[in-house]
Amino acid sequence: MHSLFWVIWLLVWQTNVPYKPNDEFHIEVDLQLKEKPPADQTTIEFADTKVERKNSNQGGPLPFLILHLKVIKLRDGEVRIRGINNKGNVVLTKKAVAGESYRLTLGYVDDLKDRVTPYEFFLYFLNNKKDELSQVHILVTDDGTFLVNDEKRGKF
């Protein structure tokens, strides 16, 4: 129920918060190769064949996405950053400092594209009263397009 509240809250309020101008922040993409933990051996998907099950358990390094948000400039009153994903979970809450970099771990690229994990993030810049003054919207579409504030920044 709590998650549903946040999703509805995001849908209602996200359109009223202006995007933070591009010259006030920078997003650096850190794409790493990481081993994905093997699938749970105690469960079986009946739709899978033996070959598919064997291949899914082999693992291997997969692209893993981490973003670094560098705040170049803060507007008057912006004192905190709060990040929320499309499932309503808070993923970042920090004091906003100009020149500081903030890490945002998104996860495996295939999981983002397949919608297995959260694929959309809202980074809000807040004042002392916790009012949202501006936002940075990050989205990985199902075809791998990487968008920041509705601008295409690349494709995975």
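Structure shown above.
Residues numbered from 1 in each chain as written. Predicted model: local features only at pLDDT ≥ 70, side-chain atom pairs only at ≥ 80, totals over all residues. Heavy atoms only, no water.

A.B. asks: So what exactly am I meant to see when it comes to the sheet that holds strand 5 (residues 101-108) here?
C.D. replies: Whether parallel or antiparallel, the strands of a sheet pair through hydrogen bonds between backbone atoms. Spatial strand order, 1-2-5: 3 strands in an open sheet with antiparallel pairing. If you trace the sheet from one side to the other, it starts and ends with strand 1 (25-35) and strand 5, each paired once. On average, each strand axis in the sheet is inclined to that of its neighbour by 20°, with strand direction left out of account. Pairing geometry for strand 2 (residues 61-71) and strand 5, over 7 bridges, is antiparallel. (Pairing = 2+ DSSP bridges. Helix = DSSP H or I, 4+ residues; strand = E, 2+ residues; numbered from the N terminus. Axes fitted to C-alpha atoms, helices over the stretch in contact; angles between N-to-C directions.)

A.B. asks: Would you explain the nonpolar core in this entry?
C.D. replies: Across soluble globular proteins, nonpolar side chains have a tendency to be buried as a group. Counting residues in each nonpolar core, the largest one holds 22 residues, and the members touching the most others are Ile27, Leu67, Ile81, Leu106, Val136 and Ile138. Those elements that place two or more of their residues in this core are strand 1, strand 2, strand 5, helix 3 (109-113), strand 6 (120-126), strand 7 (132-140) and strand 8 (145-148). Among the elements that line this core, the one with the most residues is strand 2, at 4 residues. If near-sequence neighbours (up to four positions away) are discounted, Ile27 is found in contact with Leu67, His68, Leu69, Val136, Ile138, Phe146 and Val148. Counting 5 residues, the second largest nonpolar core, distinct from the first, contains Ile84, Phe122, Tyr124 and Leu126. (Core = buried A, V, L, I, M, F, W, Y, C linked by side-chain atoms within 4.5 Å. Buried < 20%, exposed > 50% of the residue type's maximum accessible area, 1.4 Å probe, protein only. Contact = heavy atoms within 4.5 Å.)

A.B. asks: Is there a simple way to explain the pattern of salt bridges in this structure?
C.D. replies: Between side chains of opposite charge, pairing is possible as soon as their charged atoms come close. Taken as a whole and assessed by the stated rule, the structure comprises 6 salt bridges. Measuring nitrogen to oxygen at the nearest pair gives 3.1 Å for the salt bridge that ties Glu132 to Arg82. Taken together, the residues Glu132 in strand 7 and Arg82 in strand 3 (residues 80-85) connect sequence positions 50 residues apart. Taken as a pair, Glu132 and Arg82 share a single burial class, namely buried. In this structure, a network of salt bridges that share partners links the residues Lys20, Glu24, Arg75 and Glu78. (Salt bridge = Lys/Arg side-chain N within 4 Å of Asp/Glu carboxyl O.)

A.B. asks: Explain the sheet that holds strand 9 (residues 151-155) here, please?
C.D. replies: Strand order in the open sheet formed by 6 strands is 4-3-6-7-8-9, and the pairing between neighbours is antiparallel. The open sheet has two edge strands with one neighbour each: strand 4 (90-95) and strand 9. Pairs of neighbouring strands in the sheet enclose a mean axial angle of 15°, with direction left out of account. Pairing analysis gives 6 bridges linking strand 3 to strand 6, with the strands arranged antiparallel. Residue pairing in the sheet places Arg80 in a bridge with Leu126 of strand 6.

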